[in-house]
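Structure assessment
Listed below, chain by chain, are the residues.
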Amino acid sequence: MDLTPRHRQPFPLPGPWPDCAQALLRRGAVWLHTGGTGDGLLGLPDGPILASRWSGDAWTSRLDGQARSGSPWEALESVLPEHPGPWIGAVSFELACDEAALPRQALTPGTLGQHWRGLRQALHVWDGEAELWSWGAPPEPGLWQGLLRPEVSRVPPPPALHPRWTEAHHRAAVEAIRERILEGGFYVANLCVPFDALFPGDPVALALAAFRRARPPFGALLDLGDLCLLCLSMERLLSRRGDRIWSQPIKGSVPLTGDPELDRRAAETLAADPKERAEHTMIVDLVRNDLGRVARTGTVVVSRPMAVEPYPTVQHLVSTVEARTRPGLGLADLLRAVLPGGSVTGAPKHAVCTHLAGTEAASRGFYCGALGWIAPSGDLDLTLPIRTAQIAGEALTYWTGGGITRRSDPAREWAELFLKTRAISG
């Protein structure tokens, strides 16, 4: 990750990583996790907070309690130059829909739509080595030594997840989408289902266990006040460095068994599957169109099409789409063009979102919104928060979903939902 701190210095960890960070995480530290060893960025919970909530009529944004004008994206863009460090946080699917003028489900007043914390100091860990980073005053090693301490990681029992609707309901919903596709209403739709669990345990212990098992390239544990987000995503929604932007949509999946020969055959079958290739191609075209709205003419390319990438429990088809932005492009316009991500809506977006708003069992919340960091320069790394648990008190909700095309088999789509719960349920 390219966050360019003003100060950096080596820091000896007081115990095994990330076990020694548990106490700090329970105090609300933000953690972006990148890989199986727990590499990533752990930020102190002491920076400014920008939050946007639904009033019942509009989104209202506040920076540390003070109102900010404009839409949520405009409020976020306006605070970037006011703080020297990066902002880490998340955005809900419904807020992204509103900013893009797309239909979405109704929300209750007070619903949180985005939450960003500005970092002053952070601990960066890479390959077992740690550094203290700061973007203002030099970091304070003594402060960190008091907050980090050796601690044995507890392994909680995995949450017992239950889908919010039945297999018969899901099959009917898949068939309804297939009918709409055959009628020409849309090409592909991403249908998602919430799974619920009672979880009286410790979100930090759950996160450590899930990170070790799933090894997500875009993991995170964020305390948003109202709820805790545990993200186990493998999908890059949007990255920006200067005028270069890129996205890596995922569509198409098969289980990973651990048997090299079986998994090789499964990968070959996935790469050749007409249904999976058609679904993937439609989503890549949608992402190309989204990036093209803010790109210089002729710069949108698919630089790595349909690569099969293995993860601990599943293999996916992944493409890389990149472009060069037009001069002077601001953050709000960039986010408005790309979010919500095409791989979690479908094509065309407006028609699909209209259908999903009247079909899915609930509003998605932060699932399928965006999560990551944004620097004052406008550079950013945002993941698509799939494989993401939203924990409020003892209530845990974990959504899964899949792209539906005219070739979709309802029984196979139902089975795929449960395959994708394995990242958190084991």
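Going by the annotation in an unreviewed UniProt entry, the name recorded for the chain is Aminodeoxychorismate synthase, component I, with Geothrix edaphica given as the source organism.

**Some remarks on the overall build of the chain**
Looking only at helices and strands, the chain has 12 helices and 24 strands in total. Over its C-alpha atoms the chain spans a radius of gyration of 21 Å, differing by no more than 12% from the 22 Å that the globule rule assigns to 426 residues. Overall, the chain is about 65 × 50 × 40 Å in size when its C-alpha atoms are taken along their principal axes. For the chain, the residues scored as buried account for 59% of the 426 residues in total. A sequence separation of at least 24 residues applies to 72% of the contacts in the chain between residues at least 6 apart. Total accessible area on the chain stands at roughly 16,300 Å², and carbon and sulfur atoms take up 53% of it.

**Structural notes on the environment of glycine 403**
By the element assignment, glycine 403 lies in strand 24 (residues 395–404). Taking the C-alpha atoms as reference, glycine 403 lies 35 Å from serine 377; in sequence the two are 26 residues apart. Not counting chain neighbours up to four residues away, the residues in contact with glycine 403 comprise Val188, Ala189, Asn190, Lys251, Lys275, Glu279, Ser408 and Glu413.

**A look at the environment of leucine 331**
Locating leucine 331 in the fold gives a position in helix 9 (residues 331–338). Residue leucine 331 is classed as buried on the basis of its relative accessible area of 4%. Through-space distance from the C-alpha of leucine 331 to that of isoleucine 374 is 9.4 Å; in sequence the pair is 43 residues apart. In this structure leucine 331 touches Leu76, Glu77, Leu80, Ile374 and Leu380, once residues within four positions along its chain are discounted.

**Regarding the pairing of strand 8 (residues 112–118)**
Among the 7 residues that make up strand 8, 7 are buried, leaving the element largely enclosed by the rest of the structure. The pairing of strand 4 (residues 49–54) with strand 8 spans 5 bridges and is classified as antiparallel. In the sheet register, alanine 51 faces strand 8, and the bridge partner there is histidine 115. One ladder, built from 5 bridges, connects strand 7 (residues 87–91) with strand 8; its direction is antiparallel. In the sheet register, glycine 89 faces strand 8, and the bridge partner there is tryptophan 116.

**Focus on the packing of helix 5 (residues 167–182) against helix 11 (residues 410–420)**
Contact pair helix 5 / helix 11: the axes reach a minimum separation of 9 Å and the direction vectors enclose 120°. Looking at the two axes, helix 5 sits oblique to helix 11. Considering only the axes of helix 5 and helix 11, their crossing is right-handed. Seen from helix 5, the contacting residues are Glu167, His170, Arg171, Val174 and Glu175; seen from helix 11, they are Pro410, Ala411, Glu413, Trp414 and Leu417. A class-by-class count of the residues in the contact of helix 5 with helix 11 yields 5 nonpolar, 1 polar and 4 charged.

**Some words on the pairing of strand 22 (residues 380–383)**
For a regular strand, side chains alternate in direction, first toward one face of the sheet and then toward the other. Neither face of strand 22 is left uncovered, since the one carrying Leu380 and Leu382 and the one carrying Asp381 and Thr383 both have all their residues buried. As paired elements, strand 15 (residues 236–241) and strand 22 share 4 bridges and run antiparallel to each other. Each residue of the ladder has a partner; that of leucine 238, found in strand 22, is leucine 382. Both strand 21 (residues 370–374) and strand 22 contribute to a ladder of 4 bridges, which runs antiparallel. Note on strand 22: the bridge partner recorded for glycine 372 is leucine 382. Hairpin geometry of strand 21 and strand 22 is characterised by an intervening segment of 5 residues between the two adjacent antiparallel strands and by a positive phi of about 100° at glycine 378.

**As for the side chain of threonine 383**
Relative to the helices and strands, threonine 383 is located in strand 22. At 2.7 Å, the side chain of threonine 383 forms a polar contact with the backbone oxygen of glutamate 235. If near-sequence neighbours (up to four positions away) are discounted, threonine 383 is found in contact with Phe218, Cys231, Ser233, Glu235, Leu237, Ala370 and Leu371.

**Remarks on helix 8 (residues 274–292)**
For an α-helix, 3.6 residues make a turn, and residues three or four places apart therefore share a direction. If you check helix 8, its first and last C-alpha atoms are 27 Å apart, about what 19 residues at 1.5 Å a residue would give, namely 27 Å. Taken together, the buried positions of helix 8 are Lys275, Glu276, Glu279, His280, Ile283, Val284, Leu286, Val287, Asp290 and Leu291. Around the axis of helix 8, the buried residues are gathered within 160° of arc, so they sit on the same side. At the N-terminal end of helix 8, a side-chain oxygen is found 2.8 Å from the backbone nitrogen of lysine 275, two or three residues along, and the residue is aspartate 273.

**Here we look at unusual backbone geometry**
A cis amide bond, omega 5°, links tryptophan 17 with the succeeding residue proline 18. Relative to the helices and strands, proline 18 is located in the loop between strand 1 (7–10) and helix 1 (22–26). The step from leucine 339 to proline 340 runs through a cis peptide bond, and the omega angle for that step is -10°. By the element assignment, proline 340 lies in the loop between helix 9 and strand 20 (346–347). Positive phi, normally seen in glycine, also occurs at aspartate 64, with a value near 50°. Tracing the sequence through the fold places aspartate 64 in the loop between strand 5 (59–63) and strand 6 (66–68).

Cut-off values and rules
- Residues numbered from 1 in each chain as written.
- Predicted model: local features only at pLDDT ≥ 70, side-chain atom pairs only at ≥ 80, totals over all residues.
- Heavy atoms only, no water.
- Helix = DSSP H or I, 4+ residues; strand = E, 2+ residues; numbered from the N terminus.
- Rg over C-alpha atoms; globule rule 2.2 N^0.38 Å.
- Buried < 20%, exposed > 50% of the residue type's maximum accessible area, 1.4 Å probe, protein only.
- Contact = heavy atoms within 4.5 Å.
- Areas by Shrake-Rupley, 256 points an atom, 1.4 Å probe, with all protein chains shown as cover.
- Pairing = 2+ DSSP bridges.
- Axes fitted to C-alpha atoms, helices over the stretch in contact; angles between N-to-C directions.
- Parallel < 35°, antiparallel > 145°, perpendicular 65-115°, else oblique.
- Left-handed = near helix turned anticlockwise from the far one by under 90°.
- Nonpolar A, V, L, I, M, F, W, Y, C, P; charged D, E, K, R; others polar.
- Polar contact = N/O pair within 3.5 Å; in protein donor to acceptor, adjacent residues only side chain to side chain.
- Expected span 1.5 Å × (residues − 1).
- Arc of directions from axis to C-beta.

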